[in-house]
Structure formats: C-alpha cells, structure tokens
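# Chains, contacts and geometry: an overview
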Amino acid sequence: MAAEVRPRLTVLSGPSGVGKSTVVAHMRKVHPEVWLSVSATTRKPRPGERHGVQYFFVNDDEFDKLIANGELLEWAEFAGNRYGTPRGAVLERLENGEPVLLEIDLQGARLVRESMPEAQLVFLAPPSWEELVRRLTGRGTESAEVIERRLGAAKIELAAESEFDVTLVNTSVEDVARELLALMEVV
Ligand SMILES: Nc1nc2c(ncn2[C@@H]2O[C@H](COP(=O)(O)OP(=O)(O)O)[C@@H](O)[C@H]2O)c(=O)[nH]1
Ligand SMILES: Nc1ncnc2c1ncn2[C@@H]1O[C@H](COP(=O)(O)OP(=O)(O)O)[C@@H](O)[C@H]1O
C-alpha cells in the first residue's frame, strides 16, 4: 500500500504584537524552504514593508474583486482593515505535498477549520498581558488609537485559545520557531 501523503496545512494565530512575524521570520532564516502564504490586505504598508513580500497591498475595490472572483480561501476584517489568503498558491503547494503556513487572525483560523478540518491550528500566546502590551507599544508602528483597537481584539483572541490544537508561549523566538518547525514536520 502506498504511504499516505498528508500535506500539512498549519495556521498560526495570536494577538497583534505577540511576535508572530518575528517567529516566522526567524524560522524562515533557518529554513528558507518553508513556504508562508502572502496575504492580501487593505492595510497601508508600514515603513520597510514591500508589496508581495509581507503582503499584497491592495485598495478596497481590488479586495472586493478578489472576493467576487472567489480568489480568497478565507478573509476577515481586523481592526478596520481587510485581510485574505489567496487560494491558488496554497492549494497548489498542498497538492504537491509541501507544508504550508498561514499567519492569520482568529476569524480566519475558524474559517479554515471549517473548510479544511485537517489543518492544525497553533496559537501563539504572550508570556503575560503586560508583556503583550509592552511588545505592541514597543514596536512603534501604530498610533495609540490603533494600539487600543488591537488590544481590544487581543482580549477576544486570548479568550479563544482553547479552540486551537496547540499553544506555544512566545518567551524565546528561537524555541518557538523550533517547536513550530517540528509541528509542521519540517525537522
Ligand atoms: N483572516 C486573515 N487574517 C490575516 C491575514 N493576513 C494577516 N492576518 C491577520 O491580521 C492581523 C493584523 O495583521 P497586521 O496588520 O500585519 O498586524 P500585526 O499582526 O500586528 O503585525 C493579524 O492577526 C494577522 O495574523 C489573512 O490573510 N486572513
Ligand atoms: N520572544 C520575544 N521576546 C521579546 N520581544 C519579542 C519576542 N517576539 C517578538 N518580540 C517583539 O515584539 C514586537 C511585536 O512582534 P511582531 O512579530 O511584530 O508581532 P505580530 O506579528 O504578532 O504582530 C516586535 O517589536 C518584536 O521585536
């Protein structure tokens, strides 16, 4: 009997500022072959962010078209902007048996769980609420108002931790990156 080829779809979620991007960047430095889906968003780029690298930065009309054409695997509104996962690239890699990582919010994780129940959902948690506030504020990329909105969303996300298959606490970026790679069966 042929060995079962089980493509891994892993979803990484967690409150804004917990360190998702930092962990993923570290993981890809160590294992550049790990593929991360690049989402489309209506959010404006932060300094240093480039179209097609961190996100595909699109306007509202373009995002509407992506939805209308069925090009998004899932999408959600988060803190006043829309974010969505392009469907084609993800499915292509899964069909090739390659591991796929999505870094998306709680609403997106729930949608993926419904449409692809075999996906594994990983929650990245902060060591404490105070540390989360410190990281989000310390990053210095958002206004006080946007930080408040994101902390409001963070409370909802933290309350949903038990919906996930695994929780990783982001105390050490290196440790979490290693644990995530193991969950994705890359190492
Ligand atoms: N549902 C969904 N959420 C996404 C997608 N891309 C990014 N997000 C989430 O949107 C939220 C805001 O992302 P971003 O503006 O980059 O802020 P950051 O997480 O604080 O760096 C985070 O929770 C991301 O994980 C997507 O394609 N779909
Ligand atoms: N384990 C960690 N210890 C200390 N600071 C961290 C850690 N992980 C991330 N950070 C810092 O926290 C801030 C938010 O991280 P970021 O990766 O942008 O979060 P997210 O993508 O979840 O919004 C950044 O300034 C980052 O350098």
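Residues numbered from 1 in each chain as written. Chains lettered and ligands numbered in written order. Predicted model: local features only at pLDDT ≥ 70, side-chain atom pairs only at ≥ 80, totals over all residues. Heavy atoms only, no water.

### With respect to the overall build of the chain
Across its full length, the chain carries 7 helices and 9 strands. For a compact globule of 187 residues, the expected C-alpha radius of gyration is about 16 Å, and the chain comes in at 16 Å, within 12% of that figure. Put simply, of all contacts in the chain between residues at least 6 apart along the chain, 68% involve residues at least 24 apart. Counting only carbon and sulfur atoms, one obtains 53% of the accessible surface of the chain, whose full area is about 9900 Å². (Helix = DSSP H or I, 4+ residues; strand = E, 2+ residues; numbered from the N terminus. Rg over C-alpha atoms; globule rule 2.2 N^0.38 Å. Contact = heavy atoms within 4.5 Å. Areas by Shrake-Rupley, 256 points an atom, 1.4 Å probe, with all protein chains shown as cover.)

### As for the site of ligand 1
Close contacts around ligand 1 come from 19 residues, with Ser-16, Ser-39, Arg-43, Tyr-55 and Tyr-83 the closest. Between Ser-39 and ligand 1, the recorded distance is 2.6 Å, taken from a side-chain N or O atom to an oxygen atom. A distance of 2.5 Å is found between an oxygen atom of ligand 1 and a side-chain nitrogen or oxygen belonging to Tyr-83. For ligand 1, the protein covers 98% of the area, taking 570 Å² as the surface of the free molecule. Breaking the shell around ligand 1 down by element, the ones donating at least two residues are β5 (72–78) and β6 (81–86). (Near = heavy atom within 4 Å. Polar contact = N/O pair within 3.5 Å; in protein donor to acceptor, adjacent residues only side chain to side chain.)

### Things to note about the UniProt feature "binding site: ATP" (unreviewed entry) in the chain
When the UniProt feature table is mapped to this numbering, "binding site: ATP" (unreviewed entry) covers Gly-14, Pro-15, Ser-16, Gly-17, Val-18, Gly-19, Lys-20 and Ser-21. The residue Pro-15 is located in the loop between β1 (9–13) and α1 (20–30) in this model. The buried category is assigned to Pro-15, whose relative accessible area is 0%. Those residues in contact with Pro-15, other than ones at most four positions away along the chain, are Lys-20, Phe-123, Leu-124, Pro-126, Leu-132, Ala-154, Glu-157 and Leu-158. Along the chain, Gly-19 turns up in the loop between β1 and α1. Assessed through its relative accessible area of 15%, Gly-19 is described here as buried. With near-sequence residues (within four places) excluded, Gly-19 lies in contact with Leu-124 and Asn-170. (UniProt positions renumbered as here; feature names shortened; annotations may be inferred. Buried < 20%, exposed > 50% of the residue type's maximum accessible area, 1.4 Å probe, protein only.)

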